[in-house]
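Commentary on secondary and tertiary structure
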Amino acid sequence: MVYRILRPDSLSVWQNDEIRKRFGRYRGIIDNHQVARYLVAKTIACEYSPSDSIENLEILLSQRSKEFNEILTQNFQTHQEREIVSKNYLTLSETLAIKYLEECIFCERQCRINRIDNEKGYCLISKDSYVSSAFLHMGEEAPLIPSGTIFFQGCNFGCVFCQNYDISQAWKGKKNIEEVAQKVDSKKLAELADNLVNKGAININYVGGDPIPNIHTILGNLNYQRSNITQLWNSNFFLTTKSLSLIIDFMDFWLPDFKYGNNECAKKYSGIDNYYDVITRNLKKIHDEGSGEIIIRHLVMPNHIECCSKPILEYVAKEIPNCVINIMGQFRPEYHAADYTEINRRPTSKEMKTVQDFASKLNIIWKPIS
Ligand code: SF4
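Here's a quick rundown of the structure.

1. A few points about the overall build of the chain
Counting its regular elements, the chain contains 15 helices and eight strands. What you see for the chain is a C-alpha radius of gyration of 20 Å, in line with the 21 Å of a compact globule of 370 residues. Structurally, the chain occupies a C-alpha span of about 55 × 50 × 40 Å along its principal axes. Residues counted as buried form 57% of the 370 residues belonging to the chain. For the chain, restricting intrachain contacts to residue pairs at least 6 apart in sequence, the fraction spanning at least 24 positions comes to 74%. Within the structure as shown, the chain displays about 15,400 Å² of accessible surface, and the carbon and sulfur contribution to it stands at 48%. Charge centroids of the chain, computed over 44 positive and 45 negative side chains, lie 4 Å from each other.

In structure tokens form, the structure reads like this:
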């Protein structure tokens, strides 16, 4: 396998005791003695109608979530031990997601526009989803390689230093999004995922732009996927409580960004309100109520060690101690960063060492994956 040559750390990382302990269920799915959560969800029968009110569907979703988490503790080893049913917890969640699209509240921008009627909010994505690429990614964190990565168009952030602007921003000037991306429905998305599984992916990695505007399509695609493969959410994590409830039980692994240690820096560079409050709320939820298998990506920004990096590390050590952090030094002054002199350079090696030493002092696990 070529990835063993390109990234030998993708094998050696599993010799680390903490990685094996913290990512035990994920490893179990790779080794096929644990079952991916979405397959379990498909075995939980659910009676509802698409014409039911949002309130009733939300009550049902919460009941099925409790049932799901009880079943998960049984720790069965193949999903064939339980029968998949056609109307299930997963299809319920997709139905509710489509209802939310009529007044979109997928992210905390809460544009509340009707995407079913092809209206567009901040992310500029209507009801259809677009994929710019899908491939085996060898550049992700060592435990994730080879990662079946699917890049969606559309982002709900507006970062002045966007590191991915060719995917996230550049298309906005084009008349037709189909010039730069492929339109996908749920079935097509599942075909892309299956293709990545056949090529050797050990997870399906939903990223962008951001996957948040595409929750409905991603949930729909899980109806078509059949493989016992980890589902991974790779996102800025600016989800609402309601949209996080749609996906929390179906994702096996989480790869959230944690960029800013306060609301003010987020407002200045990403145009986002209440960033720190929203992200910490969501991180706490996936740590305590979701799979809890999490790699946080912290992109160290120049001149933002005291206001961002250190508060983030202190929060992680205290509130979400089971996660692992990737302390990233790749920040480049891309896109409009030159307009902000304080971030118009790469972080220095001294800044990186300060952040790394601070993480070590707090006993945060970061070295095996950074
Ligand atoms: S997903 Fe897009 S349309 Fe929906 S609330 Fe967020 S930015 Fe607005």
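That shown, we press on.
2. With respect to the packing of aromatic side chains
Aromatic ring pairs: the centre-centre distance and the angle between the two ring planes describe each pair. In total, this model carries 16 aromatic pairs according to the counting rule given. Both rings, one in Phe135 and one in Phe151, keep their centres 5.8 Å apart while their planes meet at 10°; by these two values the pair is stacked. With Phe135 in strand E1 (residues 129-137) and Phe151 in strand E2 (residues 147-152), this pair connects stretches of sequence that are 16 residues apart. Aromatic pair Phe157 and Phe238: ring centres 5.4 Å apart, planes at 70°, arrangement edge-to-face. Linking Phe157 in the loop between E2 and helix H8 (165-168) with Phe238 in the loop between strand E5 (230-235) and helix H11 (241-247), this pair joins segments that are 81 residues apart in sequence.

3. A word on the state of the cysteines
As used here, a disulfide is simply a covalent bond connecting the sulfur atoms of two cysteines. In the structure shown here, the tally under the stated rule is zero disulfides. The thiol of Cys155 is not disulfide-bonded; the next cysteine sulfur, from Cys159, is found 6.4 Å away. Owing to a relative accessible area of 8%, Cys155 belongs among the buried residues under this scheme.

4. Observations regarding the nonpolar core
Note on soluble globular proteins: their nonpolar side chains tend to be buried together. One finds Phe161, Ile215, Trp233, Leu246, Trp254, Phe258 and Val316 to be the most contacted residues of the largest nonpolar core, which totals 97 residues. Sort the elements by how many residues they give to this core and helix H7 (residues 89-101) lands first, with seven residues. Not counting the four nearest positions on each side in its chain, Trp233 is found in contact with Tyr206, Pro211, Ile212, Ile215, Ile218, Leu239, Ile247, Met251, Phe253, Trp254, Leu255 and Pro256. If you look at the next biggest cluster of nonpolar residues, it comprises 15 residues, including Phe23, Leu232, Phe253 and Val324.

5. Details of the site of the ligand
Looking at the ligand, the residues that line it are Cys104, Phe106, Cys107, Gln110, Cys111, Arg115, Gly121, Tyr122, Cys123, Asn156 and Pro213. Its residues assigned to classes, the shell around the ligand shows seven nonpolar, three polar and one charged.

6. Section: helix H6 (residues 54-72)
For H6, with 19 residues, the first-to-last C-alpha span of 26 Å sits near the 27 Å given by 1.5 Å per residue. Looking at the buried residues of H6, the elements they touch are helix H4 (24-30), helix H5 (37-41), H7 and H11.

7. A look at the pattern of salt bridges
Oppositely charged side chains are able to pair whenever their charged atoms sit close together. A complete count under the given rule lists 26 salt bridges for this structure. Lys268 serves as the salt-bridge partner of Glu342, at 2.9 Å between the closest nitrogen and oxygen. In this pair, Glu342 is assigned in the loop between strand E8 (324-328) and helix H15 (349-361) and Lys268 in helix H12 (residues 263-270), connecting sequence segments 74 residues apart. Residue classification places Glu342 among the partly exposed positions, given a relative accessible area of 23%. As a salt-bridge pair, Glu351 and Arg345 come within 2.9 Å of each other at their nearest N and O atoms. Using a relative accessible area of 28% as the deciding quantity, one classes Arg345 as partly exposed.

8. Some remarks on unusual backbone geometry
In most cases, non-glycine residues show a negative phi, while peptide bonds are predominantly trans. Here the residue pair Ile145 and Pro146 is connected by a cis peptide bond, since its omega of -5° sits within 30 degrees of zero. As for its placement among the helices and strands, Pro146 is situated in the loop between E1 and E2. Located in the positive-phi region is Asn303, a residue other than glycine, with phi close to 65°. Take Asn303: it is sitting in the loop between strand E7 (295-299) and helix H14 (305-319).

9. Considerations on the pairing of E2
The buried fraction of E2 is high, at six of six residues. With burial as the criterion, each face of E2 is covered, one bearing Ser147, Thr149 and Phe151 and the other bearing Gly148, Ile150 and Phe152. Pairing analysis gives six bridges linking E1 to E2, with the strands arranged antiparallel. Looking at E2, one finds that Leu136 is bridged to Gly148. Relative to strand E4 (residues 203-207), E2 runs parallel, the two being bridged by four bridges. In the sheet register, Thr149 faces E4, and the bridge partner there is Asn205.

About the cut-offs
In every chain, residue numbers begin from 1 and rise along the written sequence. It should be noted that, the model being predicted, local features are given only for residues of pLDDT at least 70 and side-chain atom pairs only at 80 or more, the latter also being counted only at that level, while totals for whole chains, interfaces and linings use all residues. Side-chain calculation: all heavy atoms of the structure are included, whereas hydrogens and water are not. Helix and strand labels come from DSSP, where a helix needs a run of H or I of at least four residues and a strand needs a run of E of at least two; each type is numbered from the N terminus. We compute the radius of gyration from the C-alpha atoms alone; for a globule the expected value is 2.2 Å times N to the 0.38, where N is the number of residues. For every residue, the accessible area (1.4 Å probe, protein chains only) is compared with the maximum for its type, and the residue is labelled buried under 20%, exposed over 50%, or partly exposed between those bounds. Should any heavy atoms of two residues lie within 4.5 Å, those residues are considered in contact. Accessible surface is estimated by sampling points in the Shrake-Rupley manner with a 1.4 Å probe; for residues, cover comes only from the protein chains shown. His is not counted here, nor are the chain ends, while Lys and Arg score as positive and Asp and Glu score as negative. Note that the charge is assigned to NZ on lysines, CZ on arginines, CG on aspartates and CD on glutamates. Ring geometry is summarised as follows: Phe, Tyr and Trp rings, the Trp one being its six-membered ring, pair when their centres sit within 6.5 Å, and such pairs are stacked at plane angles under 30 degrees, edge-to-face over 60 and tilted between the two. Criterion for a disulfide: a pair of cysteine sulfur atoms within 2.5 Å. What we call a nonpolar core is a set of buried Ala, Val, Leu, Ile, Met, Phe, Trp, Tyr and Cys residues that are connected through their side-chain atoms within 4.5 Å. Proximity is defined per residue: if any heavy atom of the residue lies within 4 Å of a molecule or strand, that residue is considered near it. Classes in brief: Ala, Val, Leu, Ile, Met, Phe, Trp, Tyr, Cys and Pro nonpolar; Asp, Glu, Lys and Arg charged; the others, Gly included, polar. In a helix, the anticipated span is given by 1.5 Å times the number of residues less one. The salt bridge definition used is simple: a Lys or Arg side-chain nitrogen within 4 Å of an Asp or Glu carboxyl oxygen. When DSSP finds at least two bridges between two strands, those strands are taken to pair.

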